[in-house]
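Structure at a glance
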Amino acid sequence: MGFSTEMTNAAADLLSHAARRGWTIGVAESLTGGLVQGALTSVAGCSRHFRGGVVAYHSDLKSRLLSVSEGRLAEHGPVDHVVSEQMAAGVAQLVGADVGVATTGVAGPGPADGHDAGTVHLAVVAPNGSVHRACQFSGGRDEVRRAATQTVLELACELLTGDTHA
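So, a few notes on the structure that sits alongside this text. (Residues numbered from 1 in each chain as written. Predicted model: local features only at pLDDT ≥ 70, side-chain atom pairs only at ≥ 80, totals over all residues. Heavy atoms only, no water.)

Moving on: the packing of helix α1 (residues 5-21) against helix α6 (residues 141-161). Viewed as axis vectors pointing N to C, α1 and α6 meet at an angle of 25°, and their least axial separation amounts to 9 Å. Taken together, the axis directions place α1 and α6 in an arrangement best described as roughly parallel. Both α1 and α6 take part in a crossing whose hand is left-handed. Taken together, the residues of α6 that come into contact with α1 (itself represented by E6, M7, A10, A11, D13, L14, H17, A18 and R21) are R146, T149, Q150, L153, E154, A156, C157, L160 and T161. Tallied by class, the residues present in the contact of α1 with α6 amount to nine nonpolar, four polar and five charged. (Axes fitted to C-alpha atoms, helices over the stretch in contact; angles between N-to-C directions. Helix = DSSP H or I, 4+ residues; strand = E, 2+ residues; numbered from the N terminus. Parallel < 35°, antiparallel > 145°, perpendicular 65-115°, else oblique. Left-handed = near helix turned anticlockwise from the far one by under 90°. Contact = heavy atoms within 4.5 Å. Nonpolar A, V, L, I, M, F, W, Y, C, P; charged D, E, K, R; others polar.)

As a further point, take unusual backbone geometry. A cis geometry characterises the amide bond from G108 onward to P109, with omega recorded as 20°. Among the structural elements, P109 can be located in the loop between β3 (99-105) and β4 (119-126). Here S67, not a glycine, exhibits a phi torsion of approximately 60°, which is positive. Among the structural elements, S67 can be located in the loop between α3 (59-66) and α4 (70-76). Exposure remark for S67: the relative accessible area of 58% places this residue in the exposed category. Phi angles above zero are rare outside glycine, and D113 is one such case at about 55°. Topologically, D113 is positioned in the loop between β3 and β4. (Buried < 20%, exposed > 50% of the residue type's maximum accessible area, 1.4 Å probe, protein only.)

Moving on, we come to the pairing of β4. The element β4 is largely enclosed, with a buried count of eight among its eight residues. With six bridges connecting them, β3 and β4 associate as antiparallel partners. Bridge pairing links G100 to V125 in β4. The loop that links β4 with its antiparallel partner strand β5 (residues 129-136) comprises two residues. (Pairing = 2+ DSSP bridges.)

This paragraph deals with the sheet that holds strand β1 (residues 25-29). The five strands are arranged β2-β1-β3-β4-β5 in an open sheet whose pairing can be described as mixed. A single partner strand is all that each edge strand has here, and the edge strands are β2 (50-55) and β5. Across the sheet, the mean angle from the axis of one strand to that of its neighbour is 10°, orientation sign disregarded. Of the strands in this sheet, β3, β4 and β5 touch α6, which is tilted by about 25° from β4.

What follows covers the packing of α3 against helix α5 (residues 81-95). Their axes nearest at 9 Å, the elements α3 and α5 cross at an angle of 45°. Relative to α5, the element α3 is oriented oblique. The way α3 lies across α5 gives a crossing that is left-handed. Contacts from K62, L65 and L66 in α3 reach V83, Q86, M87, G90, V91 and L94 in α5. Partitioned by chemical class, the residues of the contact of α3 with α5 number six nonpolar, two polar and one charged.

Take a look at the structure:
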């Protein structure tokens, strides 16, 4: 799956905003399966501000690697706003980044964990605050994953520039 110009531009913008603040970025992904990290690493020079990330598809990895509450996962499942926020904070801690970016949800083609395909939670944590966005994307699996990737990159840019409207 290649990256659109719009996605590459959003990744470049995020890295630029991080550079202006002297911050680094870590990424935790579930449904996007590495697309956010791939978009960031498609930008030349990304290693100055992208520390690394984790693709944690299963809940036990979300808990073990990203410090997501086992109780929260048991009670609400992985498609949850608090889980996305804990993933973002957890990856920042894990990789030693200033900014944590996270995606979790259902890419499809059908429902999972009691949620319709296209249900997504995105979160970003940074020294200047945090933001969460619940989304319902339409389309097939690839469209949902691409939309989640694009949206979380834009959401992170908004937080780093102080222009959030979640």
